[in-house]
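Close look at the chain arrangement
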Amino acid sequence: MSKKAASSSAPSQSASSQDISGNNNNADLQGNANDDIIFGQTFTSEPPPYSSLAPAHNNSTITTTRSTSRLSSALPGIDFSKYAIPEASVSKDGSTVSTYHPSFTSNPSTLVRFIQEQARLPPLPYIHIVGAKRDLQPQRDFDIKINMLSLFLAQENNSRGSQWNYIKLVGDDESAYRGKHNPSTLPTVKGGLDEWAKRFCKETSTLKSFTLTRQLSNWNASYIEGQIRSLVASTGYDQPVTVTFPVKYAKVVIYPPKSSQSFFTTLVSPLLEKRRFEIIRAVWPYASLPPGADAASAGRSCVAQSEEKWWEEWRDALRWAIVNKRNGWVTVDDIVEYRMAPSPPASKAWEY
């Protein structure tokens, strides 16, 4: 079974939300009801409010030995050292980063700086294509991944400016985890992220958590999946194919230090109420508007390139990787090698 990472339908009605300074804006925080969830990461279809960009900070929250210099001009302009989080671990599927650093749960200003810093870092979206026989043998016929990060990073000469990503806080009427065990519309908070950070740090429960979600929006992954499935079928491959759109580092979750939890608390924690704060999202749009029949006439523009243009550039190299039973990443190098060949590789069919 495949997972749809984006909905092609129009977004739902907007609810009131708050920007990083606590002011209200009219962005939709709940997204489309038909949006699928991948690794807890919701893909929405909504235009970005450009007034809510994540602010930059000169003071780093984290002390790290990683180099902050860019290793190559081919790499995106990201300070990769900021991904190094103290006392952190990554979930098995790579979607969630958990940290138990004491300052993040006791010092509101440190927590705010850390969240704002992490909100400026994108997640890592990729496409995962697997072909395997119906007899459930562990051997896969092909297992291909394609890194999609560059499609969500604005170029310097972009017509809308150099930044598309923005921060959204929970709206007053939106059901969310507001420091309780279950979603609720209460309490409402004035004061933005600063006030939420104070409430979290004042909470005495050792079962509290504060979550930043990095969310993708306005990406027509349904179109891409359809093209991939048609391409695989054109090779003559007749076994089940799985196409998914995982997102690594989609969540950053802050917990109290492990030393604060007793053996008894750990033992009975499944029975105790957890204090969850899930009130902030960093949104990374693929385009200014969700995909749809009227998107082009409505002025939809993409951060990097349209889904159709991307497919035109990648389809030949992807087909070649499939029929050659690739197990690993397909990259720009594969496109270059395919196109530079004096005699382009023949479009051969699948062979068992």
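Keep in mind the model is a prediction, meaning the values are calculated, not measured.

1. Points about the overall build of the chain
Each helix and strand in the chain was counted, giving seven helices and 16 strands. By residue count, 47% of the 352 residues in the chain fall in the buried class. Excluding contacts between residues fewer than 6 apart, the proportion of contacts in the chain whose partners are at least 24 apart in sequence is 73%. Total accessible area on the chain is roughly 17300 Å²; 50% of this is exposed by carbon and sulfur atoms.

2. Considerations on unusual backbone geometry
Residue Pro187 follows Leu186 across a cis peptide bond; omega there is 0°. Mapping Pro187 onto the fold places it in the loop between strand E10 (177–180) and helix H3 (192–202). Located in the positive-phi region is Glu87, a residue other than glycine, with phi close to 50°. Note that Glu87 resides in the loop between strand E4 (41–42) and strand E5 (88–90). Classification of Glu87 by relative accessible area gives partly exposed; the value is 47%. In the Ramachandran plot, Tyr249 falls in the positive-phi region, its phi being about 60° despite a non-glycine side chain. As for its placement among the helices and strands, Tyr249 is situated in the loop between strand E13 (247–248) and strand E14 (251–254). Residue class for Tyr249 comes out partly exposed when judged on its relative accessible area of 25%.

3. Description of the pattern of salt bridges
Counting across every chain of the model gives nine salt bridges. When the shortest N-O distance is used, the salt bridge between Asp172 and Lys190 registers 3.2 Å. Remark: Lys190 occurs in the loop between E10 and H3 and Asp172 occurs in the loop between strand E9 (166–169) and E10; sequence separation between them is 18 residues. For the salt bridge of Arg229 with Glu225, the shortest nitrogen-to-oxygen distance reads 3.1 Å. Of this pair, Arg229 and Glu225 both sit in helix H4 (residues 221–234), four residues apart, roughly one helical turn.

4. What to know about the nonpolar core
Counting residues in hydrophobic clusters, the biggest one holds 66 residues, and the most contacted among them are Ile127 and Phe210. Per element, the largest residue contribution to this core is seven residues, and it comes from helix H6 (residues 307–323). Those residues in contact with Ile127, other than ones at most four positions away along the chain, are Ile144, Lys145, Ile146, Met148, Ile224, Ile228, Val243, Thr244, Phe245 and Trp310.

5. Section: the confidence of the model for the chain
On average, residues of the chain score 81 in pLDDT, and 72% of them are at 70 or above. Within the model, the stretch residues 1–53 combines pLDDT values under 50 with 163 contacts to residues more than four positions away or in other chains. Between residues 56–72, whose pLDDT stays under 50, and residues either more than four places distant or in other chains, the model counts 29 contacts.

6. Here we look at the packing of aromatic side chains
As enumerated under the stated definition, the model contains 16 aromatic pairs in all. Here Phe210 and Phe277 contribute two aromatic rings whose centre-to-centre distance is 6.3 Å and whose plane-to-plane angle is 15°, an arrangement assigned as stacked. Of this pair, Phe210 sits in strand E11 (residues 208–217) while Phe277 sits in strand E15 (residues 275–285), placing them 67 residues apart in sequence. Exposure class is identical for Phe210 and Phe277. Each is buried.

7. Overview of a nonpolar patch on the surface
A cluster of nonpolar residues, Val332, Val336 and Met340, forms a patch on the protein surface that exposes about 290 Å² of accessible area. Along the polypeptide, Val336 turns up in helix H7 (residues 332–340).

8. Some words on the packing of H6 against H7
Between H6 and H7, the shortest axis-to-axis distance is 9 Å and the interhelical angle comes to 85°. As the angle between them shows, H6 and H7 are arranged roughly perpendicular. Contacts between H6 and H7 involve Glu312, Glu313, Trp314, Asp316, Ala317 and Trp320 from the first element and Val332, Asp334, Ile335, Tyr338 and Arg339 from the second. Taken together, the residues of the contact of H6 with H7 break down into six nonpolar, no polar and five charged.

9. Quick notes on H3
Within the span of H3, buried status applies to Gly192, Leu193, Trp196, Ala197, Phe200 and Cys201. Looking straight down H3, one finds its buried side chains confined to an arc of 160°; they lie on one side.

10. Quick word on the environment of Ala282
Within the fold, Ala282 resides in strand E15. Classification of Ala282 as buried rests on a relative accessible area of 1%. Measuring from C-alpha to C-alpha, the distance between Ala282 and Gln116 comes to 9.1 Å, with 166 residues separating the pair along the chain. What Ala282 contacts, discounting residues up to four positions off in sequence, is Ala119, Tyr166, Leu212, Thr213, Arg214 and Gln215.

11. Brief notes about the side chain of Gln239
In this fold, Gln239 is placed in the loop between H4 and strand E12 (241–244). With sequence-adjacent residues up to four places away left out, Gln239 is seen in contact with Ala132, Lys133, Arg134, Asp141 and Tyr352.

12. Points about the packing of helix H2 (residues 108–119) against H3
Remark: H2 packs on H3, axes separated minimally by 9 Å, with the N-to-C direction vectors making an angle of 125°. Overall, the two elements H2 and H3 adopt an arrangement that is oblique. Our pair here, H2 against H3, has a crossing hand that is right-handed. The residues of H3 that touch H2, namely those facing Pro108, Leu111, Val112, Ile115 and Gln116, are Leu193, Asp194, Ala197, Lys198, Phe200 and Cys201. By residue class, the composition of the contact of H2 with H3 is eight nonpolar, one polar and two charged.

Analysis parameters
Residues numbered from 1 in each chain as written. Predicted model: local features only at pLDDT ≥ 70, side-chain atom pairs only at ≥ 80, totals over all residues. Heavy atoms only, no water. Helix = DSSP H or I, 4+ residues; strand = E, 2+ residues; numbered from the N terminus. Buried < 20%, exposed > 50% of the residue type's maximum accessible area, 1.4 Å probe, protein only. Contact = heavy atoms within 4.5 Å. Areas by Shrake-Rupley, 256 points an atom, 1.4 Å probe, with all protein chains shown as cover. Salt bridge = Lys/Arg side-chain N within 4 Å of Asp/Glu carboxyl O. Core = buried A, V, L, I, M, F, W, Y, C linked by side-chain atoms within 4.5 Å. pLDDT = per-residue confidence, 0-100. Phe/Tyr/Trp six-rings, centres within 6.5 Å; stacked < 30°, edge-to-face > 60°. Patch = residues over 30% accessible without salt bridge, like charges linked within 9 Å, V, L, I, M, F, W, Y side chains within 5 Å. Axes fitted to C-alpha atoms, helices over the stretch in contact; angles between N-to-C directions. Parallel < 35°, antiparallel > 145°, perpendicular 65-115°, else oblique. Nonpolar A, V, L, I, M, F, W, Y, C, P; charged D, E, K, R; others polar. Arc of directions from axis to C-beta. Left-handed = near helix turned anticlockwise from the far one by under 90°.

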